[in-house]
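Observations on the three-dimensional arrangement
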Amino acid sequence: MSTRRQFLRSTALASAALAAPWQRIRAEAGPLRRTYQLRLSMSTPVRIASVELLEKWGIYFVRVRSEDGAEGIVQAHSRTLRTMPIFKEDVVPYFMGQDAREIERLVDDYLYSGRVYKLAGVAIWLPFGVVELAVLDLLGKVEGKPVAELFGPMTKERVAVYVSRFEREQSVEESLARLEGALAEHGSGAKAVKLKIGGRMSRDADAFPGRTEAFIPAARQLLGDDFVIYVDANGSYGAERGIAVGHLLQDYGVAMYEEPCVFQDYAGTKAVTEALTMAVAGGEQDSSLWTWERMVGERIVDIVQPDFMYNGGFIRCLKVAAMAESAGMAVTPHSPIWGPASAIKAQFASLVPNTGAYQEHRALAAPGDWYTPHFPIGADGTIGVPRGPGWGVTYDPDLLRDARVL
């Protein structure tokens, strides 16, 4: 059975740093032990001329174009549509006419721009983040380098992943059949998986009574002792129930317990973390750098999970990674994204040394023919890291020609 100490050791983090106190984190928040800094060789401005949200086939994209015709594209989260007033009234005007080379300053200044006063959380950082990701794609293409290489050396050609996006609404038998079929069809050589437990913000309830207690032992039996199992409770529990479920998970060798409590219940989450020997993870819904500082400094979780879009983009996730590294913690971004957006997590993991053992991956049986490369899981449980300019993704030229501009 895996213990939290063994799990963290497997990420190659220095054990001497595991107990870094709150005061040390605050002291190192100025410069951190590792600084990710954008390095560009281009000498002329790259002025942003347009920012668009597009839709085709129910898939959303953000496209950024410069005055000289350079273009950056990123597959956007569908929730971007729900933030359209902020996207159109605050984010787009903020970026228009700006020099894309100043993206680090633009990221740091947005909170103080006056556009987001009285607003907070994912509602402001999601629309900002998808534009930042598109701007970075543009810069990488102009520079002729992968985005990650603009911030430092890329040290990995392939990244180990766990398969995610299994749901909890089916019976135990149906869940097991779907798990087995998905791994055979989508997962290829997958060696790790994340399963859903609880009921999602359900006040201690399962999707139906007794599901977790029946599903986890059955999943372990199906997958075997050597297969790595993570679970996600999606904020289902209070501390007491979360701890009780955690002990069950430990009995069956589950290696990571994600979001046991409601994400803003930091005291409850910390209580679960301290009561268990397995690794507890969280943070997908967090987007304040001050909150991240607290989560790391108070060791509210063992593994931090910023989301590339919810947390406001690649640069802000690098800031969280640096905080975590200074405390000897792993950063394993929340990333159930699929298709071309998989390039973002792959490049992040190729750049950041403390990303943990496995990264989240939603594999597809039949990827679309409208982009390359695809990201199949190899026999060794890894996906390739794209090395082309920008995010390293090439789109079919006809893809967005008749897309709907939102």
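So, how was this worked out
Residues numbered from 1 in each chain as written. Predicted model: local features only at pLDDT ≥ 70, side-chain atom pairs only at ≥ 80, totals over all residues. Heavy atoms only, no water. Helix = DSSP H or I, 4+ residues; strand = E, 2+ residues; numbered from the N terminus. Rg over C-alpha atoms; globule rule 2.2 N^0.38 Å. Buried < 20%, exposed > 50% of the residue type's maximum accessible area, 1.4 Å probe, protein only. Contact = heavy atoms within 4.5 Å. Areas by Shrake-Rupley, 256 points an atom, 1.4 Å probe, with all protein chains shown as cover. Lys, Arg positive; Asp, Glu negative; His and termini not counted. Charge placed at Lys NZ, Arg CZ, Asp CG, Glu CD. Salt bridge = Lys/Arg side-chain N within 4 Å of Asp/Glu carboxyl O. Axes fitted to C-alpha atoms, helices over the stretch in contact; angles between N-to-C directions. Parallel < 35°, antiparallel > 145°, perpendicular 65-115°, else oblique. Nonpolar A, V, L, I, M, F, W, Y, C, P; charged D, E, K, R; others polar. Pairing = 2+ DSSP bridges. Phe/Tyr/Trp six-rings, centres within 6.5 Å; stacked < 30°, edge-to-face > 60°. Lys NZ or Arg CZ within 6 Å of the ring centre and 35° of its normal. Patch = residues over 30% accessible without salt bridge, like charges linked within 9 Å, V, L, I, M, F, W, Y side chains within 5 Å. Polar contact = N/O pair within 3.5 Å; in protein donor to acceptor, adjacent residues only side chain to side chain. pLDDT = per-residue confidence, 0-100.

**Some thoughts on the overall build of the chain**
- Per the secondary structure count, the chain includes twelve helices and 15 strands.
- What you see for the chain is a C-alpha radius of gyration of 21 Å, in line with the 22 Å of a compact globule of 406 residues.
- Each of the three principal axes of the chain carries a C-alpha extent, and together these read 60 × 50 × 40 Å.
- Across the 406 residues in the chain, those meeting the buried criterion constitute 58%.
- Considering only intrachain contacts with a sequence separation of at least 6, the fraction spanning at least 24 residues in the chain is 75%.
- Carbon and sulfur atoms provide 50% of the accessible area of the chain, an area that totals close to 16,400 Å².
- Averaging the positions of the 44 positive and the 49 negative side-chain charges in the chain gives two centres separated by 3 Å.

**Thoughts on the pattern of salt bridges**
- Applying the stated rule across the entire model yields 19 salt bridges.
- Between aspartate 302 and arginine 299 there is a salt bridge, with the nearest N and O atoms lying 3.7 Å from each other.
- The buried category is assigned to aspartate 302, whose relative accessible area is 1%.
- Arginine 299 sits in the buried class, given a relative accessible area of 18%.

**Digging into the packing of helix H5 (residues 122-143) against helix H11 (residues 314-326)**
- Interaxial distance between H5 and H11 falls to 8 Å at its minimum, and their mutual angle equals 100 degrees. Looking at the two axes, H5 sits roughly perpendicular to H11. On the side of H5, the interface is formed by Trp125, Glu132, Leu133 and Leu136, while H11 contributes Phe314, Ile315 and Arg316.
- Looking at the contact of H5 with H11 residue by residue, the classes come out as five nonpolar, no polar and two charged.

**Structural notes on the pairing of strand S3 (residues 71-76)**
- With respect to burial, S3 is a largely interior element, five of its six residues being buried.
- Sheet analysis places strand S2 (residues 59-66) next to S3, joined by six bridges and oriented antiparallel. Note that in S3 the partner of phenylalanine 61 across the bridge is glutamine 75.
- The antiparallel hairpin formed by S2 and S3 contains four residues in its connecting segment, where glycine 69 sits at a positive phi of about 95 degrees.

**Regarding the packing of aromatic side chains**
- Following the criterion strictly, the structure yields 19 aromatic pairs and no others.
- Pairwise contacts between aromatic rings join Trp57, Phe61, Trp338, Trp370, Tyr371 and Tyr395 into one cluster.
- Geometry around tryptophan 125 places arginine 316 over its ring, the cationic atom sitting 3.7 Å from the centre.

**A few points about a positive patch on the surface**
- Among the surface-exposed residues, Arg79, Arg82, Arg165 and Arg200 lie close enough to one another that they form a single positively charged patch.
- Assignment of secondary structure puts arginine 82 in the loop between S3 and helix H3 (84-95).
- With a relative accessible area of 70%, arginine 82 lands in the exposed category.

**Concerning the side chain of arginine 63**
- Inspection of the secondary structure assignment puts arginine 63 in strand S2.
- A relative accessible area of 10% means that arginine 63 is categorised as buried.
- Side chain to side chain, arginine 63 and glutamate 52 meet in a polar contact 2.8 Å long.
- Once you skip the residues sitting within four places of it in the chain, arginine 63 turns out to touch Ser50, Val51, Glu52, Leu54, Glu71, Gly72, Ile73 and Leu400.

**Considering helix H10 (residues 289-297)**
- If you check which residues of H10 are buried, you get Trp292, Glu293, Met295, Val296 and Gly297.
- With a side-chain oxygen lying 3.2 Å from the backbone nitrogen of tryptophan 290, the N-terminal cap of H10 falls on serine 288.
- Once H10 ends, the next one or two residues include arginine 299, with phi positive near 50 degrees.

**What about the confidence of the model for the chain?**
- Looking at the chain as a whole, its pLDDT mean stands at 90, while 90% of the residues score no less than 70.
- Scored below 50 in pLDDT, residues 7-33 makes 47 contacts in the model with residues more than four places away or belonging to other chains.

**Observations concerning the environment of leucine 150**
- With respect to the secondary-structure elements, leucine 150 resides in the loop between H5 and strand S4 (158-163).
- Since its relative accessible area comes to 1%, leucine 150 is described here as buried.
- Not counting chain neighbours up to four residues away, the residues in contact with leucine 150 comprise Gln37, Leu38, Arg39, Leu40, Leu139, Gly140, Glu143 and Lys145.

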